[in-house]
Every structure is written in structure tokens, then in C-alpha cells.
Amino acid sequence: MSASETVTGSRSLNALLRALGGIERLGNRLPHPFWLFVILAALLALVSWGLAAAGVSAVNPATGKTVVAQNLLSADGVRMMVGDAVTNYTSFPPLGTILVVMLGVAVAERSGLLAAVLRAGVSRVSPKWVTFALAFTGMVAHVASDAAYVVLIPLGALAFRAVGRSPILGIVVAFVSISAGYDASPLITPTDAILSGLTTAAAHTVDPAYTVTPLANYFFSLASSLVLAATITLVTERVLARRVESLPIDPEPSSPSSPTSPGSSASSDLGGVGTVDRVGGLDRVGGVGGLALSASERKGLRAALIALVVYVAAVVAAVLPAGSPLRGKDGGIVQSPLLTSIAIFLALAFLAVGWAYGRAAGTITGSRDIPGFMAHGFREMAPILVLFFAISQFLAYFKWTGIGEIIAINGAGLLKSAGVSGPVVFLGILVVVTLINLVVTSGSAQWALVGPVFVPMLMLLSIPPEYTQALYRIADSCTNAITPMSPYFVMALGFLQRYRRSAGIGTLASMTIPLSFTLLVVWTLLFFAFWWLGIPLGPGAPIP
């Protein structure tokens, strides 16, 4: 590379870092997502009053009914806000789903199973495959939600150091895999439950009977996890490795642990599934000082695998008979209790493998431990449950006023009249959501904000909600690794500073930016491949 090219690249990076600094300052002025939705509800009330006074309306082409803007400040509106407040919350689609799933996930997490799986994923890997193994383990780690950051980032440093490579590179690979690939996983995660519930609520604007299950994007998510892990590996080895591994390491780095104070919960969109001092049972296995699994952990993993095989076999055996109650009324699988109530089956799966692991590894001593683990999981869920109250009220108001439906109808009509095709619409949504994600890093809050407009608008363009949700997954993930608004960007920087004390925001951003934007391009191309080839995004998902 010539000197002029180096100067140009440096100027471009500095400009980008200044932009990120501006985003950080802007984002710091935003209120907590809870108050953001309270403020939005107040603004919605004023807008509804003005639109209702102007007699704004639209004809829904899907039903032929005329939708009229309703005044939230009218007597009927006030009665709805007060009288339906409890119902709005308890009937909020993601609420029950995520609570049921977390009953099982909490047992798997507290027993130490999830942490053991993550450590097993990066141990005993040859130097040739360590980057891909760590990247793919990051995709698997999404099942642990935001606790994955606390567990896997220091493990990434240890894994790379163990094979004679820079621990800084291991930190970057682990961080990007978890954050920029946040909505991709070979497993069903709590995020799937939240997104599908919000998408279902948004789809009801057009079709009250429409249901989006947590499995709606599973095929796309599975393929994404493999493609993204391969992309991270390629960019890391071809672009980052030489630069990062040439950086000197400060002598005698501190033991890689969370920069957060011991015992504090990781700030999480799911309330922080684990805590820094007790993430996934790490306190029971002596922390993350080494990668090797103990004999009891290996025994636990074998027991968990057997339990998983037995559980899956039992479910398959229960579904196989033509008259099985787990099949739909027509005898099919698509509209069956197995898929529409997948949350309970996921919860039981996590419960079974978590119980088997804990009993074999000695982290579960009796049946009394299970309710305690579940209760701990619910305590960790408290922040998201509080946020759900504000979101559920705002969405109920938004639906009642008819404003979302009117915007969707007029937006779809405008796109049709302009002759805008699906791919152009997709790219437009990608750009909008990606920019929003730089400031609003809470995935559920962001989808609750834009989903009620994008989902029905694209439904009126004959684009199923499952595709809109898959598109959102991409835009909600890739820039997580470069925005200083993410608390986990700061956390990753703290880990990095254990090995290079002079590192700053610019240091980490210069390493994550090439990966982040490459993932955005590759992931978008994968989405278009599913769209153009007519590949279903998940079991039972429609093909446009």
C-alpha cells in the first residue's frame, strides 16, 4: 500500500470515528427505552387528536374496510387507556412466550451447561481452526443472550493465546461474533421468542389470525450462523491478523474478567441472563481461568447430550402418528400445537438438558434446585418485563388509533404507484434500521418501534412478515460491533485493555469496522439468495 493510500485510509477512519463519537453523544441524550415509549405515547396522543380532527382515513385493500384515525384523547380513548392497561400488558404476545422459554433456559444457564458448552466449543481446537471455532461458538452463544459477552470474550482471548496467537485478536473475533451476528444462531434463542411475538402483534394490523412462531426464521438463522462464521474467519485471517498480531502485548496482563464490578448484572435486552460473578455456573467451576473442562463437566455434557437425543426422539415419536394431538386439525405440522406452542417444547428441552447436566456434574443436588434456578431467571428478566409494560401500552394505543394501519396503507400504495420492487424496499428498510441501531441498541425496543409500520406495509405488498423480520435481524445486528452506544462495546474495550492498556474506542473500532460492514454485505446477499431462490426461511414459513 502506498503512502498516499495509507493517509487516505487514515483520514477515512478518523472521519468515521468522529461520526461514531457524535452518535455516542446523541445517544447519551436519549432517555431510557421505558421513558422513550412513554414519551412516544404522549406524542401519539397529540398526533391522533390532530389526525382525527382532520378526518384522516384510508381503505385497507386487504379487507376493503375504511380505517379512520381515532382520537386517543377522546372519552373512548381515555377509557381504553385506563380500562385495558392490564389486558394490554398480559396479552402482549412476547410476554408469555419469553417467560415460558426462560423457565428452561434459566435451568440450563444456572446449572453451568451453557458455559460448559461455550468452553467446549473453543477448547481442543487446532490453531488452523481456532478462528472459525470461536466465531461459530459465538453464534451458538446467542442462546445465552447477553451473558455470552461476559463468558466468551475472555475465553476467546485465552483460546488464541493457547495456540500462540494474539489474545487481542481472540477478543475481537469473539466480540464481533456475538454482537454483529447477534440475530443468527443454529439454535432457537430467547430473541426468537421476543421478535416473533412482536412480529405477530404487528401482523394483526392486517390479518388478526396471522401467527409468526419462534421457528419462522430458523432455516435462515441456521444458514446465517455458518455463513457469518466463515466470513468472520476469512476477514480475520486475510485482513486483520497481520495488523492485530503485530501489536505489542503489555506484560503480565490481568486475568481476563469482566470490567464490570463483581456481582453486577450485565445490562441486557433480556435483563442480563447471567451476572459477572455467576455467569452460567462459572463460580462453580473456578471462573474462566482455563479452557479445559473438568471430568465432572465432561460427564455432565455427555448426560446432557443423551437427554437431548431422548427428548427429541420422544417428541418425534409423539408427532408421527396421524392422529397425534400435536398435529393440526388437518393432520399437518404447519398449524399444529408443536409449532404454534413451540415455546413450551423449547422450555422443556432446556429444562431436560440442564437437569441432566446438573445432576451428572454435581451442580444440581436435588429437585428443590430447579424452582430456585427458575426464580433466579425471572429476577434477571425484571428489566425486560418493565420495558414490556411501556411497549405493550404504546403498541395498543398505536393499534387503537389506526395510525399505524393508515401509514402502512398509504406507504404501500405509494410504493406500488412508484413501481418500487421488493429488493429496493428491502434495501431501504436495511438502511433505515441500520442507522437507528447505531443509537437505539435495544433490539426489542427498536423492533417494537418500527415493526408496526414495516410489517403491515410489506404485507400489503404481498411480502410475508417472516421476510420483514429476517431483514430486521440483519440491520439490528451488524452495527452493534461499532457503536459506542452499546454497553458491550465498552465491555469489549475493557477486556482489550487488559492486554493493551493504551487501547481506546478508536483501537477497537478500527478492528471491528471491516468485519461489521463485510458481514452487513454478505448477510444481505444471503437474504436475497433466500428471496430469489424461494427458499423457506423456517418451518411453515410462507414463500412469496
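Refer to the structure presented above.
Just so it is clear, the structure is predicted and the values come from calculations on it, not from any experiment.

Cut-offs used in this document
- Residues numbered from 1 in each chain as written.
- Predicted model: local features only at pLDDT ≥ 70, side-chain atom pairs only at ≥ 80, totals over all residues.
- Heavy atoms only, no water.
- Axes fitted to C-alpha atoms, helices over the stretch in contact; angles between N-to-C directions.
- Helix = DSSP H or I, 4+ residues; strand = E, 2+ residues; numbered from the N terminus.
- Left-handed = near helix turned anticlockwise from the far one by under 90°.
- Contact = heavy atoms within 4.5 Å.
- Nonpolar A, V, L, I, M, F, W, Y, C, P; charged D, E, K, R; others polar.
- Patch = residues over 30% accessible without salt bridge, like charges linked within 9 Å, V, L, I, M, F, W, Y side chains within 5 Å.
- Areas by Shrake-Rupley, 256 points an atom, 1.4 Å probe, with all protein chains shown as cover.
- Salt bridge = Lys/Arg side-chain N within 4 Å of Asp/Glu carboxyl O.
- Buried < 20%, exposed > 50% of the residue type's maximum accessible area, 1.4 Å probe, protein only.
- Phe/Tyr/Trp six-rings, centres within 6.5 Å; stacked < 30°, edge-to-face > 60°.
- Lys, Arg positive; Asp, Glu negative; His and termini not counted.
- Charge placed at Lys NZ, Arg CZ, Asp CG, Glu CD.
- Polar contact = N/O pair within 3.5 Å; in protein donor to acceptor, adjacent residues only side chain to side chain.
- Parallel < 35°, antiparallel > 145°, perpendicular 65-115°, else oblique.
- Core = buried A, V, L, I, M, F, W, Y, C linked by side-chain atoms within 4.5 Å.

A. Structural detail: the packing of helix H18 (residues 422-437) against helix H22 (residues 505-533). Look at H18 against H22: their axes get within 12 Å of each other, and the N-to-C directions meet at 150 degrees. The handedness of the crossing between H18 and H22 is right-handed. In this structure, H18 contributes Pro423, Phe426, Leu427, Leu430 and Thr434 to the contact, and H22 contributes Leu520, Thr524, Phe527, Phe528, Trp531 and Trp532. Across the contact of H18 with H22, the residue classes break down as nine nonpolar, two polar and no charged.

B. Layout of a nonpolar patch on the surface. A grouping of Trp35, Val38, Ile39, Leu43, Leu46, Trp49 and Leu73 is seen on the molecular surface, where their side chains present a nonpolar patch of about 730 Å² in accessible area. Inspection of the secondary structure assignment puts Trp49 in helix H2 (residues 33-53).

C. Local environment of the environment of Leu438. For Leu438, the position within the fold is in the loop between H18 and helix H19 (443-459). In this structure Leu438 comes out as buried when scored by relative accessible area, which is 13%. Along the backbone, Leu438 and Thr483 are 45 residues apart, and their C-alpha atoms lie at a distance of 5.5 Å.

D. Structural detail: the packing of aromatic side chains. A complete count under the given rule lists 21 aromatic pairs for this structure. For the ring pair Tyr467 and Phe527, a centre distance of 6.2 Å and an interplane angle of 75 degrees mean the geometry is edge-to-face. In this pair, Tyr467 is assigned in helix H20 (residues 465-477) and Phe527 in helix H22, connecting sequence segments 60 residues apart. In this pair, the class of Tyr467 matches that of Phe527, namely buried. Chaining the aromatic ring pairs together yields one cluster made of Phe220, Phe426, Tyr467, Phe527, Phe528, Phe530, Trp531 and Trp532.

E. Highlighting the pattern of salt bridges. As enumerated under the stated definition, the model contains four salt bridges in all. Glu109 is the partner of Arg110 in a salt bridge, and the nearest nitrogen-oxygen pair spans 3.7 Å. By relative accessible area, Arg110 is classed as buried at 3%. For Arg165, the salt bridge is made with Glu237, and the minimal N-O distance between the two is 3.0 Å. Highlighted residues: Arg165 in the loop between helix H8 (147-162) and helix H9 (167-179) and Glu237 in helix H11 (residues 218-245), separated in sequence by 72 residues.

F. Quick look at a positive patch on the surface. The grouping of Arg124, Arg298, Lys299 and Arg302 at the surface amounts to a positive patch. Of note, Arg302 is situated in helix H12 (residues 295-319). Assessed through its relative accessible area of 52%, Arg302 is described here as exposed.

G. Here's a closer look at the environment of Gln70. Note on placement: Gln70 falls in the loop between strand E2 (66-68) and helix H3 (75-83). Separated by 13 residues in the primary sequence, Gln70 and Ser57 place their C-alpha atoms 9.5 Å from one another. In this structure Gln70 touches Ser48, Ala52, Trp400 and Thr401, once residues within four positions along its chain are discounted. Among the polar contacts made by the side chain of Gln70, one reaches the main-chain carbonyl oxygen of Trp400 at a distance of 2.8 Å.

H. Structural context of the packing of helix H5 (residues 93-110) against helix H14 (residues 342-361). Viewed as axis vectors pointing N to C, H5 and H14 meet at an angle of 10 degrees, and their least axial separation amounts to 7 Å. In terms of orientation, H5 lies roughly parallel with respect to H14. Listed contacts from H14 to Thr97, Val100, Val101, Gly104, Val105, Val107 and Ala108 of H5 are Ala343, Ile344, Ala347, Phe350, Leu351, Gly354 and Trp355. Taken together, the residues of the contact of H5 with H14 break down into 11 nonpolar, three polar and no charged.

I. Highlighting the side chain of Ser166. Mapped onto the secondary structure, Ser166 falls in the loop between H8 and H9. In this structure Ser166 comes out as buried when scored by relative accessible area, which is 8%. In terms of polar contacts, Ser166 uses its side chain to reach the backbone amide nitrogen of Ile168, at 3.2 Å. Those residues in contact with Ser166 that sit more than four places away from it in its chain are Phe160, Val244, Glu245 and Ile249.

J. Region of interest: the nonpolar core. Core analysis: the biggest nonpolar cluster contains 149 residues, and Ile153, Phe175, Phe220, Phe388 and Phe527 have the highest contact counts within it. With 13 residues, H22 is the largest single contributor of residues to this core. Look past the residues within four positions of Phe175 in its chain and what remains in contact with it is Tyr149, Ile153, Ala180, Asn480, Ala481, Tyr488, Phe489, Ala492, Leu508 and Thr512. Counting 12 residues, the second largest nonpolar core, distinct from the first, contains Ile188, Leu215, Phe345 and Leu346.

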